[in-house]
Amino acid sequence: MTVVAVGLEMELSWLKVSCLLCVFGFLRELRPSEPYHAEILLGEWYNVTQDQVNRQVYPIGTYSYLALLIVVFLVTDFLRYKPLIIANALTGIVIWSVLIWTTTLLGLQVVEVFYGFYQATEVAYYSYIYAKVDKKYYPHVTSHTRAAMFVGKLVAGLSAQLLISMDWMNYKQLLYISASSQILALFWAFGLPRVERSLYFHNKPDATTAEHAVSTVGPMQLLWSHFRSAYTNPMVLQWSLWYAIGLAGYLQVTTYMQVVWKSFENEPTIVWNGGVDAALTALAALFALLAGYLHAGRLKSRTSLLSLAVLSILEGGCVLLASWTTNIYLSYLGYVLFGALYGFTITVASSELASSLLEDSFALIFGINTLVALVLQTLLTLVVVSETGGLNLTTFEQFTVYAFYFIVIGTVYFIAVIAESVLNRSNGPKTQEIEIEEAKSG
């Protein structure tokens with residue numbers, strides 16, 4: 001009876017923590033101003049041009065995110081997650097409050113610096129749960145926390161579209177809702193349970209395992225051990241590269257897509273950014289679930305890689321549709337399909353990667369891969385967007401580069417997989433003969 005009671009208490013405990021964190025994730029993503037960010041910045045409230053937003057505002061966020069990510073990851077572990085979750089909500093309040101009051105280019109650039117920190121501290125949201133629940137609940141809590149953010153974005157997109165379509169609010173007034181949701185998230189964050197242990201800096205063995213521990217490994221030694229164990233594994237390297245390349249392209253497309261829509265001559269009377277964002281979120285979530293179902297023991301690693309190569313080429317085609325068409329509704333369609341395909345590919349890549357990792361190193365390796373993605377995104381920004389030292393391309397030319405980025409990557413991976421398959425088949429009989437000879441000599 002006691003064992004059953006303890007088991008029931010553990011079940012309720014992990015579910016309670018998961019629900020508490022999910023509410024924070026929902027409130028954090030409840031930002032209806034996001035689908036109309038470019039509309040707000042290029043409206044009557046700020047003294048900036050479209051070219052300044054494209055080249056002098058948005059890139060600051062990319063550079064800030066890159067500079068702060070690795071530092072934030074280590075500080076998050078050292079401070080045991082909760083303080084960084086609180087800091088995330090506080091930063092959100094600062095961002096949307098400054099957006100309400102500022103009118104200058106410098107003010108918007110300062111906002112982008114804070115936005116880089118806001119994005120970087122998202123790692124605390126995802127890694128907090130792994131330090132609070134038993135490993136056997138990892139798949140459940142991972143799906144819960146991601147689903148909460150999807151629902152938050154979906155509600156934000158739909159509510160934004162409704163408020164704008166019904167003319168109940170103008171674009172800038174949506175900032176007040178975004179700021180309010182960050183205030184609610186801050187109050188909720190204070191109620192999250194405190195984390196006693198972390199993966200690296202506070203990883204002391206508990207009472208049941210302490211007596212069996214021979215020595216205590218230092219945090220930096222453990223970090224290096226996890227890093228070396230992961231990146232000396234060819235499968236981890238292969239999927240990490242795919243994860244980083246795909247994420248870099250996705251971040252670049254989603255960051256600048258609204259600027260493309262502002263460039264259309266036939267911009268509709270009602271701007272459908274909110275509905276488009278909601279549709280993308282819903283389809284991405286659906287495709288992610290589909291990928292999880294199809295991938296769970298059904299696809300071999302090589303088949304997964306081949307399917308991702310084909311889907312990457314299709315993603316490039318969707319970006320071309322979104323940027324080359326003269327009809328903004330076809331551009332909306334291309335963008336939504338791009339997001340849905342990305343939701344599928346990143347889920348498969350994450351699953352393949354996770355299956356090759358030690359459970360305790362999930363946060364570290366995904367953090368490093370995100371860092372690599374940001375380095376690639378920064379290079380894309382410097383080469384394609386930057387006025388100094390870059391190609392200084394127009395908005396539509398930039399998206400042509402992003403489209404062929406996906407097409408080329410998909411083609412290279414497709415050729416590599418096919419070549420590897422042909423080589424393995426041609427070497428198959430020889431390998432079998434060697435194995436037979438070795439078995440006989442043994």
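(A) A look at the packing of aromatic side chains. Under the criterion given, the structure shown has 19 aromatic pairs. With centroids separated by 5.4 Å and ring planes inclined at 75 degrees, the aromatic side chains of Trp-96 and Tyr-118 adopt a geometry described as edge-to-face. With Trp-96 in helix H4 (residues 82–101) and Tyr-118 in helix H5 (residues 105–120), this pair connects stretches of sequence that are 22 residues apart. As far as burial versus exposure is concerned, Trp-96 and Tyr-118 are alike and both buried. Ring centres 6.0 Å apart and planes at 80 degrees place the aromatic pair Tyr-329 and Tyr-332 in the edge-to-face group. Taken together, the residues span about one helical turn, with Tyr-329 and Tyr-332 both in helix H14 (residues 328–355) at a distance of 3 residues. Under the relative-accessibility criterion, Tyr-332 is labelled buried at 5%. These aromatic residues form a ring-pair network of at least three members: Tyr-250, Phe-338, Tyr-342, Tyr-405 and Phe-406.

(B) The confidence of the model for the protein, seen in detail. Averaged over every residue, the pLDDT of the protein is 84; the share at 70 or more is 87%. By mean pLDDT, the top-scoring element of the protein is helix H8 (residues 174–190) (96), and the lowest-scoring one is helix H9 (residues 207–210) (46). In the predicted structure, residues 207–215 sits below a pLDDT of 50 and forms 2 contacts with residues beyond four places in sequence or in another chain.

(C) Just the nonpolar core, in detail. Counting 132 residues, the largest nonpolar core has Tyr-46, Leu-99 and Val-253 as the members making the most contacts within it. Those residues in contact with Tyr-46, other than ones at most four positions away along the chain, are Ile-40, Leu-41, Leu-99, Ile-100, Thr-102, Thr-103, Leu-108, Lys-172 and Leu-175.

(D) Quick look at the environment of Thr-347. For Thr-347, the location among the structural elements is in helix H14. With 56 residues separating them along the chain, Thr-347 and Ala-291 place their C-alpha atoms 6.3 Å apart.

(E) Seen up close, the pattern of salt bridges. Under the counting rule described, the total for this entry stands at 6 salt bridges. Residue Glu-122 is joined to Arg-28 by a salt bridge in which the shortest nitrogen-to-oxygen separation is 3.2 Å. Placement of the pair is Glu-122 in helix H6 (residues 122–132) and Arg-28 in helix H1 (residues 2–29), with a sequence separation of 94 residues. Residues Arg-31 and Glu-29 are paired through a salt bridge, measuring 3.5 Å at the closest nitrogen-oxygen approach. Take Arg-31: its relative accessible area is 7%, and that puts it in the buried class.

(F) Just H5, in detail. Taking 1.5 Å per residue, 16 residues should reach 22 Å; H5 reaches 23 Å between its end C-alpha atoms and fits that length. Within the span of H5, buried status applies to Leu-105, Gly-107, Leu-108, Val-111, Glu-112, Tyr-115, Gly-116, Tyr-118 and Ala-120.

(G) Looking closely at a nonpolar patch on the surface. A contiguous nonpolar patch, built from Ile-70, Val-71, Leu-74, Val-75, Phe-78 and Leu-79 and spanning about 460 Å² of accessible area, is present on the exposed surface. For Leu-79, the position within the fold is in the loop between helix H3 (50–78) and H4. According to the relative accessible area criterion, Leu-79 is partly exposed, its value standing at 38%.

(H) Here's a closer look at empty space enclosed by the protein. Enumeration over the complete set of coordinates arrives at 3 cavities of 30 Å³ or more. Estimates place the volume of the largest cavity at around 80 Å³. Lining the largest cavity are Trp-242, Ile-245, Gly-246, Ser-312, Glu-315, Tyr-342, Thr-345, Ile-346, Phe-406 and Ile-409. Here the lining of the largest cavity is composed, by residue class, of 6 nonpolar, 3 polar and 1 charged.

(I) Quick peek at the environment of Leu-223. Tracing the sequence through the fold places Leu-223 in helix H10 (residues 219–231). Counting along the chain gives 141 residues from Leu-223 to Leu-364, while the straight-line C-alpha distance between them is 7.9 Å. Dropping the residues within four chain positions of it, Leu-223 is found in contact with Leu-74, Tyr-200 and Leu-364.

(J) Main features of the packing of helix H11 (residues 234–262) against helix H15 (residues 362–385). Closest axis-to-axis distance for the H11/H15 pair is 8 Å, and the angle between their directions is 50 degrees. Comparing the axis directions of H11 and H15 gives the class oblique. Helix-helix and strand crossings are classified by hand; for H11 and H15 the assignment is right-handed. Across from Ser-240, Tyr-243, Ala-244, Ile-245, Leu-247, Ala-248, Leu-251, Gln-252, Thr-255 and Tyr-256 in H11, the residues of H15 making contact are Ile-365, Phe-366, Asn-369, Thr-370, Val-372, Ala-373, Leu-374, Leu-376, Gln-377, Leu-380, Thr-381 and Val-385. Looking at side-chain class alone, the contact of H11 with H15 contains 15 nonpolar, 7 polar and no charged residues.

(K) Here's a closer look at H10. Between the first and last C-alpha of H10 there are 18 Å, a value that for 13 residues agrees with the 18 Å anticipated at 1.5 Å per step. What H10 keeps buried is the set Leu-222, Leu-223, His-226, Ala-230 and Tyr-231. For H10, the angular spread of the buried residues around the axis is 140 degrees, confining them to a single face. For H10, the exposed residues set more than 90 degrees away from the buried face come down to Met-220 and Gln-221.

(L) Focus on the packing of H10 against H15. Contact geometry of H10 with H15 gives a least axis separation of 10 Å together with a crossing angle of 70 degrees. Classified by the angle between their axes, H10 and H15 sit roughly perpendicular to one another. Between H10 and H15 the crossing geometry is right-handed. Contacts between H10 and H15 pair Leu-223, His-226, Phe-227, Ala-230 and Tyr-231 from the former with Leu-364, Ile-365, Ile-368 and Asn-369 from the latter.

(M) Here's a closer look at the environment of Thr-103. The topology assignment puts Thr-103 in the loop between H4 and H5. With 56 residues separating them in the primary sequence, Thr-103 and Asn-47 have C-alpha atoms 6.1 Å apart. In contact with Thr-103, other than residues within four places in its own chain, are Trp-45, Tyr-46 and Asn-47.

(N) Fine view of the state of the cysteines. Within the structure shown, the criterion is met by 0 disulfides. No disulfide involves Cys-19; its nearest neighbouring cysteine sulfur is the one of Cys-22, lying 6.3 Å away. Owing to a relative accessible area of 44%, Cys-19 belongs among the partly exposed residues under this scheme. Given the relative accessible area of 13%, Cys-22 is considered buried.

Calculation notes
- In this convention, every chain numbers its residues from 1, walking through the sequence in written order.
- A pLDDT threshold of at least 70 governs which residues receive local features in this predicted model, and a stricter bar of 80 or more applies before side-chain atom pairs are shown or counted, although totals over entire chains, interfaces and linings include all residues.
- Calculated side-chain values reflect all of the structure's heavy atoms, with hydrogen atoms and water omitted.
- Only centres within 6.5 Å qualify two rings of Phe, Tyr or Trp (six-membered ring in Trp) as a pair; their planes then separate them into stacked at under 30 degrees, edge-to-face at over 60, and tilted for everything else.
- Working definition: helices are DSSP H or I runs of at least four residues, strands are E runs of at least two. Numbering for both runs from the N terminus.
- Think of it in three bands: with a 1.4 Å probe and only protein chains considered, a residue is buried below 20% of the maximum accessible area for its type, exposed above 50%, and partly exposed in between.
- Each residue gets a pLDDT score, which is the predictor's confidence in that residue and runs from 0 to 100.
- It only takes one pair of heavy atoms within 4.5 Å for two residues to be counted as in contact.
- Among the buried residues, those of types Ala, Val, Leu, Ile, Met, Phe, Trp, Tyr and Cys that are joined through side-chain atoms within 4.5 Å form a nonpolar core.
- For this document, the term salt bridge refers to a Lys or Arg side-chain nitrogen within 4 Å of an Asp or Glu carboxyl oxygen.
- How far a helix is expected to stretch is found by multiplying one less than its residue total by 1.5 Å.
- Residues enter patches when they are more than 30% accessible in relative terms and free of salt bridges; like-charged ones are connected within 9 Å and nonpolar ones (Val, Leu, Ile, Met, Phe, Trp, Tyr) within 5 Å.
- Here the open area of atoms and residues is found with the Shrake-Rupley method and a 1.4 Å probe, where only the protein chains shown may cover a residue.
- Any residue with an atom within 4 Å of a point lines the site, the site being either a cavity, points on a 1 Å grid over the protein atoms alone where a 1.4 Å probe fits but cannot get out, or a pocket, an open set with protein on both sides within 12 Å along at least 5 of 7 lines.
- Grid points are joined across faces, edges and corners, and a volume is the space filled by probe spheres set on the points.
- The nonpolar class holds Ala, Val, Leu, Ile, Met, Phe, Trp, Tyr, Cys and Pro. Asp, Glu, Lys and Arg form the charged class, and all remaining residues, Gly among them, are polar.
- The angle between two axes is taken between their N-to-C directions and runs from 0 to 180 degrees, where each axis is a line fitted to C-alpha atoms and a helix contributes only its stretch in contact.
- Geometric relationships in this document are graded by angle, where less than 35 degrees denotes roughly parallel, more than 145 denotes roughly antiparallel, 65 to 115 denotes roughly perpendicular, and other angles denote oblique.
- With the far helix as reference, a near helix turned anticlockwise by less than a right angle produces a left-handed crossing, and one turned clockwise produces a right-handed crossing.
- When we speak of the arc, we mean the arc of directions from the helix axis to the C-beta atoms.
- Note on terminology: disulfide denotes any pair of cysteine sulfur atoms within 2.5 Å.

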